[in-house]
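# Coordinate analysis (summary)
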Number of protein chains: 4
Amino acid sequence: MDAALHCFVDRGFHGTAIPQIAARAGIAAGTIYHYFDSKEALVNALFRHWKTLVARRVFTAFPQTAPTREQFRVMWNEIVDFALEHPQAFAFLELHNHTSYLDAESIAVDRELKTFASAMVQRAQDERLLKPMDPALLMELVFGAFTGMMRAHWEGRIDLGPEVIAAAEQACWDTVAAHG
Amino acid sequence: MDAALHCFVDRGFHGTAIPQIAARAGIAAGTIYHYFDSKEALVNALFRHWKTLVARRVFTAFPQTAPTREQFRVMWNEIVDFALEHPQAFAFLELHNHTSYLDAESIAVDRELKTFASAMVQRAQDERLLKPMDPALLMELVFGAFTGMMRAHWEGRIDLGPEVIAAAEQACWDTVAAHG
Amino acid sequence: MDAALHCFVDRGFHGTAIPQIAARAGIAAGTIYHYFDSKEALVNALFRHWKTLVARRVFTAFPQTAPTREQFRVMWNEIVDFALEHPQAFAFLELHNHTSYLDAESIAVDRELKTFASAMVQRAQDERLLKPMDPALLMELVFGAFTGMMRAHWEGRIDLGPEVIAAAEQACWDTVAAHG
Amino acid sequence: MDAALHCFVDRGFHGTAIPQIAARAGIAAGTIYHYFDSKEALVNALFRHWKTLVARRVFTAFPQTAPTREQFRVMWNEIVDFALEHPQAFAFLELHNHTSYLDAESIAVDRELKTFASAMVQRAQDERLLKPMDPALLMELVFGAFTGMMRAHWEGRIDLGPEVIAAAEQACWDTVAAHG
DNA sequence: AATGAATGAGGCTTCATTCAT
DNA sequence: GATGAATGAAGCCTCATTCAT
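Remember, predicted model here, so these are calculated numbers, not experimental data.

Of the regular secondary structure elements, chain A holds nine helices and zero strands. Ordered by position from N to C terminus, the α and β elements of chain A give α-α-α-α-α-α-α-α-α. Reported as C-alpha extents along the three principal axes, the dimensions of chain A are approximately 60 × 35 × 25 Å. A total of 180 residues make up chain A; the buried ones form 54% of that total. Taking contacts inside chain A between residues at least 6 apart in sequence as the whole, the part at least 24 apart equals 68%.

Attention now moves to the interface of chain A and chain B. Contact with chain A, which involves 35 residues of that partner, is made by 34 residues of chain B. At the boundary of chain A with chain B, total buried surface from both sides reaches about 2,900 Å², with 60% on carbon and sulfur atoms. Along the contact surface separating chain A from chain B lie four salt bridges. Residue Lys131 of chain B is joined to Asp174 of chain A by a salt bridge in which the shortest nitrogen-to-oxygen separation is 2.8 Å. Linking chain A with chain B are seven residue pairs in polar contact (both at pLDDT 80 or more). Secondary structure elements with two or more residues in the side of chain A that touches chain B: helix H1 (4-11), helix H8 (135-154) and helix H9 (162-176) of chain A. Among the elements that make up the side of chain A that touches chain B, the one with the highest residue count is H8 of chain A (10 residues). Tallied by class, residues from the side of chain A that touches chain B come to 14 nonpolar, 11 polar and 10 charged.

Turning to the packing of helix H1 (residues 4-11) of chain B against helix H4 (residues 39-61) of chain B, a few remarks are in order. All names here are of chain B. Relative to each other, H1 and H4 sit at 100 degrees, their axes nearing to 11 Å. Between H1 and H4, the crossing angle belongs to the class labelled roughly perpendicular. In contact with Ala4, Leu5 and Phe8 of H1, H4 contributes Leu42, Val43, Leu46 and Trp50. When the residues that make up the contact of H1 with H4 are grouped by side-chain class, the tally is seven nonpolar, no polar and no charged.

With that out of the way, let us pick up the arrangement of the chains. Where chain A comes nearest to chain C, the C-alpha atoms are still 20 Å apart, and the two do not contact one another. With no contact formed, the shortest span from any C-alpha in chain B to any C-alpha in chain D equals 31 Å.

Let's shift gears to the protein's contact with DNA strand F. Close contacts around DNA strand F come from 28 residues, with Lys39 of chain A, Tyr35 of chain B, Thr31 and Tyr35 of chain C together with Ile18 of chain D the closest. Within 4 Å of the protein, the contacting atoms of DNA strand F are 69% sugar and phosphate, with bases supplying the remainder. At 2.5 Å, a side-chain N or O of Thr31 of chain C approaches a phosphate oxygen of DNA strand F. Note that a phosphate oxygen of DNA strand F is positioned 3.2 Å from one of the backbone N or O atoms of Thr16 of chain D. Across the surface near DNA strand F, the residue classes tally to 14 nonpolar, 12 polar and two charged.

Contact with chain C, which involves 35 residues of that partner, is made by 35 residues of chain D. Summed over both partners, the interface of chain C with chain D buries about 2,900 Å², with 60% contributed by carbon and sulfur atoms. The largest share of the area that chain C buries against chain D comes from His14, Asn97 and Leu141 of chain C, three residues that together contribute 16% of it. Summed over the shared surface of chain C and chain D, the result is four salt bridges.

This paragraph deals with the relation of the copies chain C and chain D. When chain C is fitted to chain D, the best match, at an RMSD of 0.1 Å, comes from turning it 180 degrees and sliding it 0.1 Å along the axis. Taken together, the turn and the small shift mark the pair as related by a two-fold rotation axis. Comparing contact sets, 100% of the residues at the interface of chain C also lie at the interface in chain D, consistent with an isologous, same-surface contact.

Quick look at the packing of aromatic side chains now. Counted according to the given criterion, the structure contains 48 aromatic pairs over all chains. Judged by centre distance (5.5 Å) and plane angle (75 degrees), the ring pair of Trp76 of chain A and Phe146 of chain A falls under edge-to-face. In this pair, Trp76 of chain A is assigned in helix H5 (residues 68-85) and Phe146 of chain A in helix H8, connecting sequence segments 70 residues apart. Of the two residues, Trp76 of chain A and Phe146 of chain A, neither departs from the other in class, the shared state being buried. With a centroid separation of 6.1 Å and an interplanar angle of 35 degrees, the aromatic rings of Phe143 of chain B and Phe146 of chain B are classed as tilted. With Phe143 of chain B and Phe146 of chain B both in helix H8 (residues 135-154) and three residues apart, this pair spans about one turn of that helix. Put simply, the rings of Phe72, Trp76, Phe90, Phe143, Phe146, Trp154 and Trp173 of chain A pair up and form one aromatic cluster.

Next up on the list: the environment of Lys39 of chain D. Residue and element names in this part refer to chain D. Tracing the chain through its elements places Lys39 in helix H4 (residues 39-61). Sequence-wise, Lys39 and Val9 are 30 residues apart; in three dimensions their C-alpha atoms are separated by 15 Å. What Lys39 contacts, discounting residues up to four positions off in sequence, is Phe13, His14, Thr16, Ile18 and Tyr33.

Residues and elements named next belong to chain A. Following the sequence through the fold, Glu78 ends up in helix H5. Classification of Glu78 by relative accessible area gives buried; the value is 18%. Excluding anything up to four places from it in sequence, Glu78 contacts Arg57 and Ala61.

Moving on, we get to the relation of the copies chain A and chain B. Mapping chain A onto chain B leaves a residual RMSD of 0.1 Å; the transformation is a rotation of 180 degrees accompanied by 0.1 Å of translation along its axis. Here 97% of the contact residues of chain A are again contact residues in chain B; the copies associate through an equivalent surface.

On to the environment of His98 of chain B. All names here are of chain B. Along the chain, His98 turns up in the loop between helix H6 (87-94) and helix H7 (104-126). Owing to a relative accessible area of 8%, His98 belongs among the buried residues under this scheme. Along the primary structure His98 and Gly161 are separated by 63 residues, whereas in three dimensions their C-alpha atoms are 30 Å apart. Residues within four places of His98 in sequence aside, it is in contact with Phe47, Phe92 and Leu93. At 2.9 Å, the side chain of His98 forms a polar contact with the backbone oxygen of Phe92.

With that settled, consider unusual backbone geometry. A positive phi angle is found at Arg128 of chain B, which is not glycine, with a value near 60 degrees. Positionally, Arg128 of chain B belongs in the loop between H7 and H8.

All right, on to the pattern of salt bridges then. According to the stated counting rule, one finds 52 salt bridges over all chains in the structure shown. Between Arg73 of chain D and Glu70 of chain D there is a salt bridge; the shortest N-O distance is 3.6 Å. Taken together, the positions of Arg73 of chain D and Glu70 of chain D, both in helix H5 (residues 68-85) and three residues apart, correspond to about one turn of that helix. Residue Glu70 of chain D is classed as partly exposed on the basis of its relative accessible area, which comes to 31%. Measuring nitrogen to oxygen at the nearest pair gives 3.7 Å for the salt bridge that ties Asp110 of chain D to Lys114 of chain D. Residue Asp110 of chain D and its partner Lys114 of chain D are both found in helix H7 (residues 104-126); the two are separated by four residues, about one turn of the helix. Comparing Asp110 of chain D with Lys114 of chain D, the two get one shared label, buried. Each of Lys51, Glu94, Asp110 and Lys114 of chain A takes part in salt bridges that share partners, so that together they form one network.

Before going further, it helps to spend a moment on helix H7 (residues 104-126) of chain A. In this model H7 of chain A runs 32 Å from its N-terminal to its C-terminal C-alpha over 23 residues, within 8% of the 33 Å that 1.5 Å per residue would give. All of the buried residues in H7 of chain A are Ser106, Val109, Asp110, Leu113, Lys114, Ala117, Ser118, Met120, Val121, Ala124 and Gln125 of chain A.

Calculation criteria
The numbering scheme is per chain: residues are counted from 1 as the chain's sequence reads. Numbering of ligands from 1 and lettering of chains from A proceed in the order in which they are written. Under the rules for a predicted model, residues below a pLDDT of 70 receive no local features and side-chain atom pairs below 80 are neither given nor counted, while totals for whole chains, interfaces and linings still include all residues. Only hydrogens and water are set aside; all other atoms, that is, all heavy atoms of the structure, feed into the side-chain values. Put simply, DSSP H or I for four residues or longer makes a helix, DSSP E for two residues or longer makes a strand, and each gets a number counted from the N terminus. Throughout, exposure labels follow a simple rule: accessible area from a 1.4 Å probe, protein chains only, divided by the maximum for the residue type, with under 20% read as buried, over 50% as exposed, and the rest as partly exposed. Residue contacts follow a heavy-atom distance rule, with two residues in contact if any of their heavy atoms lie within 4.5 Å. When two parts are put together, the accessible area they lose, computed with a 1.4 Å probe and summed over both, is reported as buried area. We count a salt bridge whenever a side-chain nitrogen from Lys or Arg sits within 4 Å of a carboxyl oxygen from Asp or Glu. Nitrogen and oxygen atoms within 3.5 Å of one another constitute a polar contact, given that in protein one can donate a hydrogen and the other can accept it, and given that sequence-neighbouring residues count only through two side-chain atoms. Under the scheme applied, nonpolar residues are Ala, Val, Leu, Ile, Met, Phe, Trp, Tyr, Cys and Pro; charged residues are Asp, Glu, Lys and Arg; polar residues are all the others, including Gly. As a rule, the C-alpha atoms of each element are fitted with a line to give its axis, helices using only the stretch in contact, and angles between N-to-C directions run from 0 to 180 degrees. To sort the angles, those under 35 degrees are grouped as roughly parallel, those over 145 as roughly antiparallel, those from 65 to 115 as roughly perpendicular, and the leftovers as oblique. It suffices for a single heavy atom of a residue to lie within 4 Å of a molecule or strand for the residue to be listed as near it. Overlaid copies result from least-squares superposition on C-alpha atoms, with residues included only where pLDDT is at least 70 in both. The rule is short: rings of Phe, Tyr and Trp, with Trp giving its six-membered ring, pair when the centres are within 6.5 Å, and they are stacked under 30 degrees, edge-to-face over 60, tilted in between. The span one expects for a helix is its residue count, reduced by one, times 1.5 Å.

Next up, the structure:
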C-alpha cells in the first residue's frame, strides 16, 4: 500500500484522492480502510515508516569511534544513498510541507532524528572542529543544502555523479568546519 | 485578496477551499472570480507576484562593481530581509511543493531567477574565488542551506538574531569559497 | 425543505439519504447544506419545528377557566386536528424512535411539553376529578392511546369519523376520570 | 446472534451495521450470512421470533372460561410480564417503525395477533361489557396506552411498581368498559 | 462452520464554479 | 462590481455482501 507514496509525491496529501491510491495499488478503495483508519492515518504511517527507516540507517552506520571528518562523510553518504535508493520516499519526506496533517507521534519521530543530529554536532564542537554556532543551525544548514541538492537533481537542474556528490560533501564540510 | 497567501501557507493549495479564502478576506466567494479565472489562476498569480518581487529586489540590490565577497553578503542579507519581512510569502514560495499546479509561465519566472543566480556564480568562478563545481549546484547548496535555516526559524528550532544571520552567512560563504 | 419530512416518515432517519430528500424537494443535494450543517441538524430542526408548533397550538387553545372535562375535550380535539391536518408531521414525531440522533435541545423541547401536560393533570387531580395516580402515567396512558388510534388509522385498521373520535375521547376520559 | 436485537433497539434497523452486530456478538461478520440471507432476513426473523413468542404467551395464558374482567387482567399482566422480562424485545417490536423493511410474512404474523385481540374484544362486546365501538379501536386504545406506559418507564419518566401496574390496568379497563 | 479480507456501490459532505440579483 | 444561493461532481468513508481459506 506504500505506493500511496507515489501519489503523495506527485500531488501532495490534499491533492491525492483515496481512489487514486487504490487504483495505483490495484485494489479497491475500501480495502485501504482495513489497514488505515483514515487518509490521515495513512500519511502518518507512511511518514513514520520512512523517517524511522532513515533514522535506523543513520544510527546503524554512524562510526562512533572514527574521527569527526570521517563521521561526517559517512553520514553524508548514508543519506545520499538513501535518497538515491528511495527517491520517492525522500521526496515525500523532505520536499513536502506536512504541517497540516502530521500527528503528535509523527512530529516526535521527526524531532528525535533532528535532536540526535544536533547532539552529534555538539560533540564535534566540543573538540573545536566545527564552528562555534548553534548546533541546530549548523545541522539545518547542512541538511538544507543537501535537500537543495537533491531537489535540483530530481528537477533536472544538476547531474549527480560520485565526484559531484563528493565535491558537495566537501563544500558542506566547509560550511560547518572551524577556521574557515 | 492576497491573504489567500495565509491559507495556502497553512494548508497548501489543495487543502485550501475558495470559501475559506473568501472568509478570511471578508468577501464573498464569488467575488474572487471577478479577479481570477480559477483557483489555479489565483495560485499562479500569487506565485509570480512574489517571485517577481524577490527577483526585482535581488536585481536592484545587486552591487555589480563590488567584490564578490561583498556581493554575496548583500544578496544574502537581501533575501534574509525579504524572508523576515514577508514570512508568509517566503513560506509559500519555498516551503511548499508547487509541481502539481504551476503553469508554464510561473515555472519560467522561477527558472529565470535561478539562471541569473547561476550566472553570477559562474562569473565569480571565473575569478577563481569559488569552488570549481557546477555553478547550479553551488547555488542550490547555498539556497538550500538558507531555506533550511528559515524553516528551522519558523518552526521554532533556532533563534535568528543579526549575529546568527551573519555567522550563517559566513558559513555559507565557506560552502562556496575556493581553497577552503 | 420540510419535505424531508416525507422521507423520514417513509424510511426513517437512517434509512433516508440526503440525495433522496433533495430529489423530492427538486433541488441539488449540496443546497441542503446551505441551510443545515448536517443531516442530524436537519432532523433536529424538523423535530423542533413541529414539536414547537404542537406546543404552541395546545398552549393557545387551552381554556384556562373551563371545567376540567371541557379542557380535556378541547385538548383532545386540538391534537386530533393537528394530527389530521399534518399527518406526516405527527407520524414523524410520534411513530418513530428518535433516541439515536436527537440533540439536547430537541429533547428539552419534548420534555417541556410533557411537563406542561403533567402539570395540567395534577391540577385536575387536586380537584379530585382524576384518578389519584402518578400524573405522568395518566398523561402517558392517554397520549399512548391517542397515538395508538392514529397509528391504526394511518395503517388502515380503523376509520376515523367525528363520532369515532368523540367516542375515543370519551373512552380516554374514562381512563383518567376518578370513581370510574 | 439475537443480540442484533440490542443494536436494532439502540440505533434502528438502518442505523445498525452488520459488523456492529457481529462485534457485539463476538463473531465475524461473514458468519451472520451462514444463518441469514441478508440483513432484511435477519430483522424479519427477529421480528417474527418475538412476535410469535408474545402471541404464544398470550394464547397460552388466555383463560377462555374466566369472566371478561379477569381475562383482561390476565392479558394485561401477561404482556406486562413479557415487556419487563424482555425489555429489548418489546422496545424493538413496539418502539420502532418497521414499515420500510418488514416482509409480507412478518406483517401477517403481526396482523394475526391484532385480529385475535379484536375478536376477543368483540366477544366481550356481545355481552355488553365493553363499549359498543369498533373493536379494533378499543384494542388499539388499550395497547397504545400500554405502550405509552412502557415507553415512559424505559425513558425514566415513571416508576413501575406492582401497584402502579395494577392501577394502570384498572384505568385501561375503564377505557373499554361499558357504562363508564 | 467460521473467518475476515476484499469489494464497490452508495452515503454524507465539501467545494470550485456559476449566475441571478 | 459584489454577492451568496445553487449546483453537482467528487472526495472521504461505511457497509452489505462475497469468497478464499
